[in-house]
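# Survey of secondary and tertiary structure
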Amino acid sequence: MAQLPILSDEEAGPEATVVFDASRKMFGRVANAIRVSSASPRMLQPLFGFLISLCRAEITDVLDAKTKALLILKTSMENGCKY
């Protein structure tokens, strides 16, 4: 059972809606970490900025998007993440 609420699209405030839309555009979905942190804009904005800097090749210019996605998947599997 979740200790913090996982906000749905309908429950999201105006700031969270903007981030949800950007998340869908960039990643094809809204991750649960974004949904949980959206309850607090002070937590949401830095987290989303961090995710963008990790995933966008034009910002980091170290690894391509496919390699980053594979590393994220491998890390999730190693940590027993179910999604």
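Attention here is on the structure that accompanies the text. (Residues numbered from 1 in each chain as written. Predicted model: local features only at pLDDT ≥ 70, side-chain atom pairs only at ≥ 80, totals over all residues. Heavy atoms only, no water.)

This next bit is on the overall build of the protein. Tallying secondary structure elements over the protein gives 5 helices and 0 strands in all. Tracing the protein from N to C terminus, the helices and strands come up as α-α-α-α-α. Counted over contacts in the protein with a minimum sequence separation of 6, partners at least 24 positions apart contribute 36%. Of the accessible surface of the protein, which amounts to about 6200 Å², a share of 62% is contributed by carbon and sulfur atoms. (Helix = DSSP H or I, 4+ residues; strand = E, 2+ residues; numbered from the N terminus. Contact = heavy atoms within 4.5 Å. Areas by Shrake-Rupley, 256 points an atom, 1.4 Å probe, with all protein chains shown as cover.)

In this section: helix 3 (residues 41-55). What sets the pattern is the α-helix's 3.6 residues per turn: residues three or four places apart point alike. An ideal rise of 1.5 Å per residue puts 21 Å on 15 residues; helix 3 measures up with 21 Å between its terminal C-alpha atoms. Inspection of helix 3 places Leu-44, Phe-48, Ile-52 and Cys-55 among the buried residues, and these make up the whole buried set. In an axial view of helix 3, the angular spread of the buried residues amounts to 80°, which keeps them on one side of the axis. Exposed residues on helix 3 whose side chains face more than 90 degrees from its buried face are Arg-42 and Pro-46. (Expected span 1.5 Å × (residues − 1). Buried < 20%, exposed > 50% of the residue type's maximum accessible area, 1.4 Å probe, protein only. Arc of directions from axis to C-beta.)

Attention shifts here to helix 5 (residues 65-78). In this model helix 5 runs 20 Å from its N-terminal to its C-terminal C-alpha over 14 residues, within 8% of the 20 Å that 1.5 Å per residue would give. Phi for Gly-80, located one or two positions after helix 5, is positive at around 75°.

On to the pattern of salt bridges, then. The tally for this structure, following the rule as stated, stands at 4 salt bridges. Residue Arg-24 is joined to Asp-9 by a salt bridge in which the shortest nitrogen-to-oxygen separation is 2.5 Å. Of the two residues, Arg-24 sits in helix 1 (residues 14-27) while Asp-9 sits in the segment before helix 1, which places them 15 residues apart along the sequence. On the accessibility criterion, Arg-24 (32% relative accessible area) is partly exposed. (Salt bridge = Lys/Arg side-chain N within 4 Å of Asp/Glu carboxyl O.)

We now examine the packing of aromatic side chains. The final tally for this structure, using the stated rule, is 0 aromatic pairs. Here the basic side chain of Arg-35 rests over the ring of Phe-20, its NZ or CZ set 4.8 Å away from the ring centre. (Phe/Tyr/Trp six-rings, centres within 6.5 Å; stacked < 30°, edge-to-face > 60°. Lys NZ or Arg CZ within 6 Å of the ring centre and 35° of its normal.)

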